[in-house]
Every structure is written in structure tokens, then in C-alpha cells.
Amino acid sequence: MTQLRNSVFIAAASVLLPGAALSQAVLQVNSSLPEGSFAHIFLQEYETRLEAATDGAIDVQIFMGNTLGSEEDVLQGLGLGTHHASLSASAIAQINTRAAIFDLPYLFEDRAAVQTFAASPAGEMLAAGFDGTGMVLAAMWDNGFRQITNSQRPIVVPADLVGLKIRTPTSRQRVEMFNTLGANATPLSFGEVYSALDQGVIDGQENPAQIVESARLYEVQEYMSLSNHVYLPTFLVFGEPYLATLEPALAEAVMTVAAEVAPWTFEWGDTTDAEVVAALADRIAINEIDFAAFQAAAAPLYDSPTFVDVIGVDMIAATRTALGIQ
């Protein structure tokens, strides 16, 4: 982020005192994803770096699979002081509607654009959206881009989607997006996707490449188009009551190290995506899309009430400016 949003974090990380001079503190971080997931890998990296930076004055404890409670309960608990921190994704938009900016399609062509956004006034505006919630955004880490697969043809330009039944999550924004681009959006729970593809009930679906591999969707799909149509980060958020219990130097370290881990997560994501796509290359036909053509076709969505009423005109305008989108 361009600046930290709480005066308790003013001290520079370089003035951290030796661990012996600081009281021992426990930091519990919750994630809804399972052990071994990318979120777990990211949190382990954070744990290593933060404990080293504080000379062991902070004991980071990672809880995967919502073992501290449901994601919504944990997020609520941050403001109440019953929980410390959470690494969350889509659930954040229920608390800070500016985070729904990531529902707009074709904003981000690559992870470099995501990092440009995070460091821009638009990124600071998103962080400010947590004011009054009892939580603070420490950093945005990687999650991934969604790709389109189908059984009929390569998707290169929007016209290639016309008439295809594409499964989407039960999201108003995602449904409107694919209908606007010419597809017939078909909301389904993910548990139904493989069989629906296998039986021809739907022609395609959209998910990160890692899901195409892990869920073996390549067995019932012929084409994967690297559409990068939606990118969603993970948000590392801390409860203000928890941060207030820390000595200032430790509070600063918690925030600073989170920001320092962010570029590493994006590099990890790029590398992992490349490895997954390479592994899929002999199982499914893979093609690039005309990103500019899709971005132009999706332009009406930037004025659609489905998006604007949730995200806010100012947030959309700031993001377009940051990314150079006319």
C-alpha cells in the first residue's frame, strides 16, 4: 500500500529492538483454505520472515481450514478482539465493498498490473475502505487468474463465446459478465461441474488453471483459453484490538513484513501458473486470447449498476486511472 493507515504503525522496521527487549506475543492467523494450499505456503513464508525480523518476539501460529471458526465469524472477531488476523479472499467484499473491484473483468492483464494497483491511490482507497470496521489491511497477496475451458472451440475473441453454455459461480457479477460477452452463463455449484461437462449439460467453465488440473477437468474439456478475465487477491487483515496489544515496534513489523512478502507471493504465483500450464499442455489445447478485444467488450460492465452500485463510481474511476484504462 502507499502508506500505512494507523498511527500505531509509524515507527520504522529498522528500529526494531532485540527480541529480548520485547514482550513475547502470539499471532494467530486463520485461513479457510487447507494445509498445503498456496495460502498455507504464503503464511509459512510470512511466519519465517516475521519471527526472524522480531528475533522470536512474535510466535506466529497458522490455522488452516477455518479451524478458528467460519471465515465470516473470524473476520467479525477481528474487530471484537476475539481473533488476531485472517488471510481471506472473496469474503472481504462483504465487509469492504471497494474490494469488489476485483469482480470487474479484464482489469488486470498480469500480476504486474495487480501490484501497480496495490501501490496506487486506488490501492490506498481500497485500504481506506476498512476504516471503521475494526480491522486493518496489511497487504494483498496473490491468489490467481481465472481461465476459460470448453469442449467446442478455442476462445480468442468475444465472438467465440457466443452460444456457449459456460458455468459460473452463483455471482450476479460473473453471470452478467459472461452474458454480456455473448455466452449463456449457467450458475452451478462447483461439485456439479465435472458431471455437467461430461454429460454435455454445459460446454465450459471458468476457474484458475490449478483447478483445471487438480479437478481433472481436462478429461472432459478440449480447450483452455488463457483469458485472465478475473483476478482476485488474498487480503491479509489484522484486528485493530489485537494490534493495539503489541508494542509499537512489533506492530510495525507485523505490517511491514506482510508488505514485504507480497512481491514474493506474486512471483510464486507466476512460476506456479507456468508450471501448471506446462503440465496441462499435452492434456488440453491451450491458447492465448485477444485481451484488448475482451477488455473493450467488457467496457459496458464498468457502468452497470450490478457493479457500480456495489463498488462505487470513485473506486472504479481511481482503478481505471491507476491502470491506464480509458
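Residues numbered from 1 in each chain as written. Predicted model: local features only at pLDDT ≥ 70, side-chain atom pairs only at ≥ 80, totals over all residues. Heavy atoms only, no water.

Peer 1: Kindly report on the overall build of the chain, identifying the contributing residues and their values.
Peer 2: Counting secondary structure elements, the chain contains twelve helices and eleven strands. Relative to the 2.2 N^0.38 estimate, which gives 20 Å for 326 residues, the radius of gyration of the chain is 21 Å and therefore close to what a compact globule would have. Dimensions of the chain, computed from C-alpha atoms along their principal axes, come out at roughly 65 × 40 × 30 Å. With 326 residues in all, the chain has 51% of them scored as buried. In the chain, once contacts between residues fewer than 6 apart in sequence are set aside, the share between residues at least 24 apart is 77%. (Helix = DSSP H or I, 4+ residues; strand = E, 2+ residues; numbered from the N terminus. Rg over C-alpha atoms; globule rule 2.2 N^0.38 Å. Buried < 20%, exposed > 50% of the residue type's maximum accessible area, 1.4 Å probe, protein only. Contact = heavy atoms within 4.5 Å.)

Peer 1: Can you break down the pattern of salt bridges residue by residue, with the values?
Peer 2: Within the structure shown, the criterion is met by seven salt bridges. Of the charged contacts, one joins aspartate 142 and arginine 111 as a salt bridge, the two residues approaching to 2.9 Å between their closest N and O atoms. Of this pair, aspartate 142 sits in strand β4 (residues 135-145) while arginine 111 sits in helix α3 (residues 111-118), and the two are 31 residues apart along the sequence. Close ionic contact of aspartate 270 with arginine 111 constitutes a salt bridge, the shortest N to O distance being 3.1 Å. Placement of aspartate 270 in helix α9 (residues 248-280) and of arginine 111 in helix α3 is noted, with a sequence separation of 159 residues between them. Looking at arginine 111, the relative accessible area reads 4%, which means it is buried. A network of salt bridges, in which partner residues are shared, links Arg111, Asp142, Asp270 and Asp273. (Salt bridge = Lys/Arg side-chain N within 4 Å of Asp/Glu carboxyl O.)

Peer 1: Explain α3 to me, and be specific about the residues and the numbers.
Peer 2: All of the buried residues along α3 are Arg111, Ala113, Val114, Phe117 and Ala118. The buried side chains of α3 occupy one side of the element, clustering within an arc of 155 degrees when seen end-on. The residue sitting at the N-terminus of α3 and contributing the capping side-chain oxygen is aspartate 110; that oxygen lies 3.2 Å from the backbone nitrogen of alanine 112. (Arc of directions from axis to C-beta. Polar contact = N/O pair within 3.5 Å; in protein donor to acceptor, adjacent residues only side chain to side chain.)

Peer 1: Give a description of the sheet that holds strand β2 (residues 58-63) that names residues and reports values.
Peer 2: Ordered by their spatial adjacency, five strands build an open sheet running β2-β1-β3-β10-β4, and the pairing between neighbours is mixed. Unpaired on one side and paired on the other, β2 and β4 mark the two borders of the sheet. Across the sheet, the mean angle separating the axes of adjacent strands is 20 degrees when strand polarity is ignored. Pairing of strand β1 (residues 25-31) with β2 involves six bridges; the strand directions are parallel. In the sheet register, glutamine 28 faces β2, and the bridge partner there is glutamine 61. Where helix α2 (residues 71-80) meets the sheet, its contacts fall on β1, β3 (85-88), β4 and β10 (231-239), and the angle it forms with β3 comes to roughly 135 degrees. (Pairing = 2+ DSSP bridges. Axes fitted to C-alpha atoms, helices over the stretch in contact; angles between N-to-C directions.)

Peer 1: Now, about the environment of isoleucine 41: what can you tell me, with residues and values included?
Peer 2: In this structure, isoleucine 41 sits in helix α1 (residues 38-53). Placed 227 residues apart in sequence, isoleucine 41 and tryptophan 268 show a C-alpha to C-alpha distance of 9.7 Å. Setting aside residues no more than four positions away along its own chain, isoleucine 41 makes contact with Gly36, Trp264 and Trp268.

Peer 1: Just give me the short version of the sheet that holds strand β11 (residues 285-288), but keep the residues and values in it.
Peer 2: Strand order in the open sheet formed by six strands is β7-β6-β8-β5-β9-β11, with mixed pairing between adjacent strands. A single partner strand is all that each edge strand has here, and the edge strands are β7 (184-187) and β11. The average undirected angle you get between the axes of adjacent strands in this sheet is 25 degrees. As paired elements, strand β6 (residues 165-168) and strand β8 (residues 204-207) share two bridges and run parallel to each other. Within β8, the position partnered with isoleucine 166 by the bridge is glycine 204. Docked against the sheet, helix α5 (residues 172-180) engages β5 (147-150), β6, β7 and β8, running at close to 155 degrees with respect to β7.

Peer 1: Now, about the packing of aromatic side chains: what can you tell me, with residues and values included?
Peer 2: One pass over the full model with this rule turns up 13 aromatic pairs. Measuring from centroid to centroid gives 6.3 Å for phenylalanine 108 and tyrosine 231, while their planes differ by 70 degrees, and the two rings are edge-to-face. With a gap of 123 residues between them, phenylalanine 108 in the loop between β3 and α3 and tyrosine 231 in strand β10 connect regions that are remote in the sequence. Judged by its relative accessible area of 3%, phenylalanine 108 falls in the buried class. Members of the aromatic cluster, each reached through a chain of ring pairs, are Phe38, Phe42, Tyr46, Trp141, Trp264 and Trp268. (Phe/Tyr/Trp six-rings, centres within 6.5 Å; stacked < 30°, edge-to-face > 60°.)

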